[in-house]
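Residues per chain are reported as follows:
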Amino acid sequence: MTTLDNRHQKRVAYAGMILLPIVAGFLYYIYYLMENGYLPSPFIYDKSDTFMDLFNSLYWAYDNGRYTDWGSVYPPLSFFILRFVNFVFAGGGYGDPAIMRDNSPFVIAGFCLIYLVVPAMILKTKLWRDFLIVEKLLIYIAIILSAPMLFTLERGNMILLCPILLTLALSRIGFVRCFCIALLINIKPYFALLMIYYIARQNWKGLATCSVLSGLVFVISGLALDTHFFVFLTNLFNFSQEEGVFSLREVLALPSSISAFSYVLKNPDGAIFASDFLNSERISIIVYIIEAAKWGMLAISLAVLFTRSALMRDAEIFSLLVVAITNLGIWVGGYTFVLYIALIPVFIKMRARWLYIGLLSVLAMPLDIIPLLDGFIGKQYSYLSDSYVNVQWTLGPGSVVRPVVNLILLLLLSCEFLVRKRKGLNDRVVHRTNLLMGAG
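The model shown is predicted, which means the values in this text are computed figures rather than measured ones. (Residues numbered from 1 in each chain as written. Predicted model: local features only at pLDDT ≥ 70, side-chain atom pairs only at ≥ 80, totals over all residues. Heavy atoms only, no water.)

1. Details of the packing of helix H6 (residues 133-145) against helix H7 (residues 147-155)
- With their axes 5 Å apart at the nearest point, H6 and H7 run at an angle of 50° to one another. Here H7 runs oblique to H6, going by the angle between their axes. Taken together, the residues of H7 that come into contact with H6 (itself represented by Ile 143, Ile 144 and Leu 145) are Ala 147, Met 149 and Leu 150. (Axes fitted to C-alpha atoms, helices over the stretch in contact; angles between N-to-C directions. Helix = DSSP H or I, 4+ residues; strand = E, 2+ residues; numbered from the N terminus. Parallel < 35°, antiparallel > 145°, perpendicular 65-115°, else oblique. Contact = heavy atoms within 4.5 Å.)

Below, the structure is given as structure tokens:
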């Protein structure tokens, strides 16, 4: 048995191992839906809101008040993508978003198709060429049945398109990479942090190209969509500054950042609950410690990136930046975990590969099946069962574990790059990377 065969054997065995609880969790969700008429945690507590990230945005894609009335923080390109999806899958209906949803079964089917196709497309890229077909099959099933992916599907969030663009940015160089990052920024603005890569590499040509492309996509799509598109920038700033935008149940559904904990403790309802265990002064101290830990870790990761970038591959720099993005705050959301699909082949080539894959596996697990807290919300309309049901809200371990695991992932990645020696990295690859820096 060769070393290569052993490596693939281990990967197949591990993929099969993590697939078992993921499939079990998916079957539990189906069983729970059939028995109770709605999906359990971590799915959103408002059971009438299924697919409404998609249809709320789709409604405003055709309404000129999207920036002035709704206060949208979606760039203009996002609305054109929604219009295209609606056109391709023959969406219909006028009126409020719920009416559009009721009259657009093919749009829902199309979104589910996108959900299934995007991971398959990613697995076909050159980053995955070292994986056997059986490995890809097991990983594909684990991806589409994982808790973060199912959560994103139930919400109908168009971030599902981003992993394929991120994969192309990881695997390509030059103009294609710049263009993919520009598109990502014009779908989710926080991807602007990916341009830090060009600063770390001192690739000013690439930085200029990416910046110009991002601006051009924004202006051209904005002029074509809405004369008030520049209001988007004000909306984005106000959104990042505003407190109390999200409900506590929404924040704790599937958080990616430990800021979810400080957000809950700063909320009056959360503070009242915590007061059974802590006084107000200690709550304030804990909030400060949580935020300090987060921002401190983000600062460390950026410092490592700038000081050790010469020993990092391009894909590793982007991976560190993506993990940093997911840790930024509650406003990036647990949806961002779907971006980690693109990072698997990058992590698998690193020194602490099994540790990283293990942490990603924890994020994918159905951790919320076991309730830590519960409470009766009341009777709600459930879209999936088309009936009124009594909803019991639960808080599972996943709401606590995932943000902590995600921050640990950022810490461990930073540590690997910090202690990396040049002999620990393929010098030929580093040299080749440095040669390509001038290509943008």
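2. Focus on helix H16 (residues 280-308)
- The terminal C-alpha atoms of H16, which comprises 29 residues, lie 42 Å apart, in line with the 42 Å expected from a rise of 1.5 Å per residue.
- Of all the positions in H16, only Ile 283, Val 287, Ile 290, Glu 291, Lys 294, Met 297, Leu 298, Ser 301, Val 304 and Leu 305 are classed as buried. (Expected span 1.5 Å × (residues − 1). Buried < 20%, exposed > 50% of the residue type's maximum accessible area, 1.4 Å probe, protein only.)

3. Structural notes on the layout of surface pockets
- Within this model, the largest pocket holds a volume of roughly 1,200 Å³.
- If you trace the largest pocket, you find 45 residues lining it, with Tyr 74, Phe 239, Phe 246, Trp 331 and Tyr 335 closest to the centre.
- Put simply, the parts of the chain that give the lining of the largest pocket at least two residues each are helix H2 (52-61), H7, helix H12 (231-241) and helix H13 (248-251).
- Looking at the lining of the largest pocket residue by residue, the classes come out as 24 nonpolar, 14 polar and seven charged. (1 Å grid on protein atoms, 1.4 Å probe; cavity = no way out; pocket = protein on both sides within 12 Å on 5 of 7 lines; lining within 4 Å. Points joined across faces, edges and corners; volume = space filled by probe spheres on them. Nonpolar A, V, L, I, M, F, W, Y, C, P; charged D, E, K, R; others polar.)

4. Points about the environment of Thr 394
- Along the chain, Thr 394 falls in strand E2 (residues 387-395).
- The class for Thr 394 is buried, based on a relative accessible area of 17%.
- Each C-alpha atom, one on Thr 394 and one on Tyr 340, is 26 Å from the other, the two residues being 54 residues apart in sequence.
- Setting aside its immediate chain neighbours within four residues, Thr 394 contacts Ser 41, Pro 371, Leu 373 and Asp 374.

5. Quick notes on helix H14 (residues 259-266)
- By the criterion of burial, H14 is predominantly enclosed, with seven of the eight residues buried.
- Regarding H14, the residues found buried are Ser 259, Ala 260, Phe 261, Ser 262, Tyr 263, Val 264 and Leu 265.

6. Comments concerning the state of the cysteines
- Tallied over the entire structure, the rule returns zero disulfides.
- Free cysteine: Cys 162, not disulfide-bonded; nearest cysteine sulfur from Cys 180 at 11 Å.
- With no disulfide of its own, Cys 178 lies closest to Cys 210 among cysteine sulfurs, the gap being 5.0 Å. (Disulfide = S-S within 2.5 Å.)

7. Some remarks on the confidence of the model for the protein
- Here the protein averages 89 in pLDDT, and 91% of its residues register 70 or above.
- Summarising per-element confidence for the protein, the mean pLDDT is lowest in helix H21 (residues 427-436) (44) and highest in helix H17 (residues 314-326) (97).
- Counting contacts from residues 424-440, a segment whose pLDDT is below 50, to residues more than four positions away or on other chains yields 25 contacts. (pLDDT = per-residue confidence, 0-100.)

8. Details of unusual backbone geometry
- Here the residue pair Ser 41 and Pro 42 is connected by a cis peptide bond, since its omega of 20° sits within 30 degrees of zero.
- Its place among the elements puts Pro 42 in the loop between helix H1 (3-36) and H2.
- Of note, the phi angle at Phe 51 is positive, near 70°, even though the residue is not glycine.
- Here Phe 51 is to be found in the loop between H1 and H2.
- Its identity as a non-glycine residue notwithstanding, Gln 202 has a phi of 55°, on the positive side.
- Of note, Gln 202 is situated in the loop between helix H10 (196-200) and helix H11 (204-225).
- A relative accessible area of 58% places Gln 202 in the exposed class.

9. With respect to the environment of Pro 371
- Tracing the backbone through its elements, the reader meets Pro 371 in the loop between helix H19 (353-364) and strand E1 (373-382).
- On the basis of relative accessibility, which here comes to 44%, the residue Pro 371 falls in the partly exposed class.
- Pro 371 sits 15 residues away from Tyr 356 along the chain, and the two C-alpha atoms are 26 Å apart.

10. Some thoughts on empty space enclosed by the protein
- Taken as a whole and judged by the stated rule, the model has six cavities of 30 Å³ or more.
- Taken as a whole, the largest cavity spans an internal volume of roughly 430 Å³.
- Lining the largest cavity we find 25 residues, and of these Ile 18, Ile 139, Ile 143, Ile 344 and Leu 360 sit closest to its centre.
- Contributions of two or more residues to the lining of the largest cavity are made by H1, H6, H7 and H19.
- With six residues, H19 is the single largest residue contributor to the lining of the largest cavity.

11. Some words on the side chain of Glu 135
- Position of Glu 135 relative to the elements: it lies in helix H6.
- If we ignore the near neighbours within four places in the chain, the residues touching Glu 135 are His 8, Arg 11, Val 12 and Asp 130.

12. So, the environment of Ser 57
- Tracing the backbone through its elements, the reader meets Ser 57 in helix H2.
- Along the chain, Ser 57 and Tyr 74 lie 17 residues apart, while their C-alpha atoms are 8.6 Å from each other.
- Each residue touching Ser 57, except ones within four places of it in the same chain, is listed here: Met 52, Trp 70, Tyr 74, Phe 79 and Leu 82.

13. Section: the packing of aromatic side chains
- Going through the model one piece at a time under the given rule, you end up with 25 aromatic pairs.
- With a centroid separation of 5.6 Å and an interplanar angle of 40°, the aromatic rings of Phe 151 and Tyr 335 are classed as tilted. One end of the pair, Phe 151, is in helix H7; the other, Tyr 335, is in the loop between H17 and helix H18 (344-347), and 184 residues separate them in sequence.
- What makes Phe 151 buried here is its relative accessible area of 5%.
- Plain terms: the ring middles of Phe 175 and Phe 179 are 6.1 Å apart, the flat faces sit at 5° to each other, and that makes the pair stacked. Within this pair, Phe 175 and its partner Phe 179 are both found in helix H9 (residues 174-185), separated by four residues, close to a single helical turn.
- Overall, Phe 175 belongs to the exposed group, its relative accessible area being 52%. (Phe/Tyr/Trp six-rings, centres within 6.5 Å; stacked < 30°, edge-to-face > 60°.)

14. Let's talk about the side chain of Ser 72
- As for its position among the elements, Ser 72 is in the loop between H2 and helix H3 (76-88).
- Those residues in contact with Ser 72, other than ones at most four positions away along the chain, are Arg 66, Tyr 67, Phe 79, Phe 232 and Asn 235.

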